[in-house]
Amino acid sequence: MVNTKHPWKAWLYLSPAIVLLLIFTLWPIINTVVMAFQEGYSIQQASKGKEFEFGLDNFAYVIEYRGFLTCLKNTILLCVLTVPISTMLALLIAVCLNSIKPLQKFLQTIFFLPYVTNSIAIGMVFAAMFNVVGTVSAKEPIIQTWGIINNIIMFFGGEPVNWINAGSEYWANIFVLTVYIVWNALPFKILVLLGGLQSVNKQYYDAAKIDSTPKWRVFTKITVPLLSPMIAYVVITGFIGGFKEYSSIVGIFGEKMGPPGAMGKPLNTMVGYIYDSISRQQGRASAAALILFGIIFVVTMINLYVSKKKTHY
Amino acid sequence: MKVELQNLTKIFPNRNKKIKEGVVAVSDFTFTVPDGKLVGLLGPSGCGKSTTLYMISGLQQATSGKIFFGDEDVTDLSPENRGVGLVFQNYALYPHLTVMQNILFPLQNLKGKDKLPKEEMIQRAEEAARLVQIDELLDRKPNELSGGQQQRVAIARALVKMPRVLLLDEPLSNLDARLRLQTREEIRRIQKETGITTVFVTHDQEEAMSISDMIVVMKLGVIQQVGEPQEIYDNPINLFVAKFLGTPPINVFRGCVQNGKLYIGEEAVLDVAGVEDKPVYVGIRPEGFTLDENGPLTCKLSGIEVMGRDVSIISTNENSTNPSVRSIINSDNKVDATAETVKYSLKPHKVFVFDAETEERIYF
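Procedures and definitions
- Residues numbered from 1 in each chain as written.
- Chains lettered and ligands numbered in written order.
- Predicted model: local features only at pLDDT ≥ 70, side-chain atom pairs only at ≥ 80, totals over all residues.
- Heavy atoms only, no water.
- Domains from an automatic or database assignment.
- Contact = heavy atoms within 4.5 Å.
- Buried area = accessible area lost by both parts, 1.4 Å probe.
- Salt bridge = Lys/Arg side-chain N within 4 Å of Asp/Glu carboxyl O.
- Helix = DSSP H or I, 4+ residues; strand = E, 2+ residues; numbered from the N terminus.
- Expected span 1.5 Å × (residues − 1).
- Buried < 20%, exposed > 50% of the residue type's maximum accessible area, 1.4 Å probe, protein only.
- Arc of directions from axis to C-beta.
- 1 Å grid on protein atoms, 1.4 Å probe; cavity = no way out; pocket = protein on both sides within 12 Å on 5 of 7 lines; lining within 4 Å.
- Points joined across faces, edges and corners; volume = space filled by probe spheres on them.
- Nonpolar A, V, L, I, M, F, W, Y, C, P; charged D, E, K, R; others polar.
- Polar contact = N/O pair within 3.5 Å; in protein donor to acceptor, adjacent residues only side chain to side chain.
- Pairing = 2+ DSSP bridges.
- Axes fitted to C-alpha atoms, helices over the stretch in contact; angles between N-to-C directions.

### A word on the domain arrangement of chain B
Bring the parts together and some accessible area is lost; that lost area is often taken as the interface size.
All names here are of chain B.
Item 1. With domains assigned, chain B is organised as domain 1 (3-243) and domain 2 (249-362).
Item 2. If you average the C-alpha positions of domain 1 and of domain 2, the two centres end up 39 Å apart.
Item 3. Taken together, the contacts link nine residues of domain 1 with 12 residues of domain 2.
Item 4. On the domain 1 side of the interface with domain 2, the three residues burying the most area are Tyr-233, Leu-239 and Ala-242, jointly 51% of the side's total.
Item 5. Connecting domain 1 to domain 2 are one salt bridge.
Item 6. Here Lys-350 ties to Asp-234 by a salt bridge, and the two come within 4.0 Å at their closest N and O atoms.
Item 7. Among the elements of the structure, helix 7 (229-234) and helix 8 (239-244) are those that each provide at least two residues to the side of domain 1 that touches domain 2.
Item 8. Residue contributions to the side of domain 1 that touches domain 2 peak at three residues, all from helix 8.

### Observations regarding helix 3 (residues 118-131) of chain B
Residues and elements named next belong to chain B.
Item 1. For helix 3, with 14 residues, the first-to-last C-alpha span of 20 Å sits near the 20 Å given by 1.5 Å per residue.
Item 2. Within the sequence span of helix 3, burial applies to Met-121, Arg-124, Ala-125, Ala-128, Ala-129 and Leu-131. Down the axis of helix 3, the buried set is contained in an arc of 160°. They therefore lie on one face.
Item 3. Where helix 3 is buried, its residues meet helix 2 (99-108), helix 4 (147-159) and helix 5 (177-194).

### Some words on the layout of surface pockets
Vacant regions in the atomic arrangement are exposed by a probe of water-molecule size rolled over the atoms.
Residues and elements named next belong to chain A.
Item 1. Taken as a whole, the largest pocket spans an internal volume of roughly 760 Å³.
Item 2. In terms of lining residues, the largest pocket is bounded by 22 residues, among which Asn-98, Ser-99, Tyr-205, Lys-215 and Val-218 are the most central.
Item 3. In terms of residue class, the lining of the largest pocket is built from 10 nonpolar, six polar and six charged.

### Looking at the interface of chain A and chain B
Item 1. Across the boundary between the two partners, chain A contributes 18 residues, which contact 22 residues of chain B.
Item 2. Regarding the contact of chain A and chain B, the summed buried area is about 1,900 Å², with carbon and sulfur atoms giving 60% of it.
Item 3. Applying the counting rule to chain A against chain B returns one salt bridge.
Item 4. With its nearest N and O atoms 3.1 Å apart, the salt bridge here joins Lys-161 of chain B to Asp-211 of chain A.
Item 5. Where chain A touches chain B, the interface holds 10 residue pairs in polar contact (both at pLDDT 80 or more).
Item 6. Contributions of two or more residues to the side of chain A that touches chain B are made by helix 9 (202-210) and helix 10 (215-243) of chain A.
Item 7. Counting residues per element, the side of chain A that touches chain B draws most heavily on helix 9 of chain A, which supplies seven residues.
Item 8. Split by residue class, the side of chain A that touches chain B holds nine nonpolar, four polar and five charged.

### Description of the sheet that holds strand 18 (residues 325-330) of chain B
Strands in a sheet are paired, the pairing made by backbone hydrogen bonds, and the direction either parallel or antiparallel.
All names here are of chain B.
Item 1. Here five strands make up an open sheet; going across it, the order is 15-19-16-17-18 and the pairing antiparallel. Only two strands of the sheet have a single neighbouring strand rather than two, namely strand 15 (289-291) and strand 18. The mean inter-strand angle of the sheet, taken between neighbouring strand axes irrespective of direction, is 50°.
Item 2. With three bridges connecting them, strand 15 and strand 19 (residues 341-346) associate as antiparallel partners. Bridging across to strand 19, Phe-289 finds its partner in Leu-346.

Written out as structure tokens, the structure is:
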């Protein structure tokens, strides 16, 4: 228990963590803020002894830059698409998993696999699934070489879609990304929601049975409200993760952040933009990072406000 | 609606899967709850009384046997279709709903021809709330209520859909002593007012005695005795029932019958003509003793408790199976607290003789 006689002991035990946090978290954060407000800051020039004026120049540049708007749009779009879909799917799967007895542990493990698999690797697998396998050449019949998804579509008599290859449409790209991100986000959400479900007192369900409650009403009036704290948690962390989306796009499209041959980086995100600028224009990267922080902060505040009103007890 | 239980048996599979034989929770339970009566299932923990209740509710399926509500066979009906009200031991109120929403919940589930207009639902919920006297708490959440209030809400929720049978699982066990007294009278009143056939489960014999029309005493899944509370108290069928009912508990002595006389130790305490000679247990209710200087039963006096109207004398006897012998006598009798021994004669109708081997009652 806490030893109030020797408070220095507590600090002693905490010191490794505090030192690490100071060096690797707090100091970089302060540095980021300082850099963001130094106009045109770059490490290369700073090392040559150049002094920078303080101002909002970096922010102005980032906001006015056309590519940044694309990044912002992509990021928000992916967030808005994937968080609700993955949350609802996770809820559905968690409820189903919770209601079956045999194979529950086995299926739980399967659903958890994406969580422990490298997201770049998964991205490459997804790319293969949606991709043209092998080389597309004008001489060979293209139909033979489409990836598994298009094969399935064609099996049911559909037209193959150019998902991610050269000349593919933006919305096809976004669709693939959404599927990938949702799938990747499921395991954690399922885990949290399943844990929540299993801690719900079974007697509520017995009581509902006695009162002849229809299944759907049990779900909407009992399960969801009782799970609401977990749902809120999953949504909030989902949004935070969503705004930091980056590796999934690299996984599928590579560093070009778009289908081959596309101009610029049509699928770039906020974090992608930060990475782009970090090698040359650290001032702008810092400004972009602060803007991203601001957005996540505001969204999380809204989330918390809404969930406080909507979650029970 | 009378509830008829025929040869009801519940066997749970053994935890150890290698053992095929299951655990018998309730065995061959046959009993009819008369229409509109309040029946208490009484027994120590693990005697299968809650399992019996859950089988009536349908939450547990009977392994064998039949359940009838009136003339309808409900054995294979799911709990949804049985139309029972059940009050859980820890109430199971939905924590995210207000009291009103909790009470309304069963009504909102009604479908088809039973569906009620909204105003009628609210009216019925308010009626139920009034009946259990919580009509001022309707906007609260369950965690803003005391245990007793939550209990009433649970009863209101069970009553609002006018169940065919009301089931209460240990309804008073989560309440403090004073509230328990008050609430059990409350349950009695509500049951009388609504006339709903009610079954409740308790391990507290005082609780069962005080409010039940009928008591079913159970032990290890088997019915021991069924009857009105007073009848069971006055006429226990075996040693277990005699010991289980009554506060203070019955005094049990080792004894034997010889030549039509009942002996405790060396002393012949009672005439028991017609009983064959054998070792027995003698159960004597605390009120079955009379102070008598020439009485046959001698005990070592160890203490006196004055309780106003009555005096409780605590003594020891080497043949007693209880650590001490407790008798209750009218305080008009003067007891010499300094005396070493106390002598009793016995009231024959408060003395029960049980076979030492089978522990069954021997009548005389």
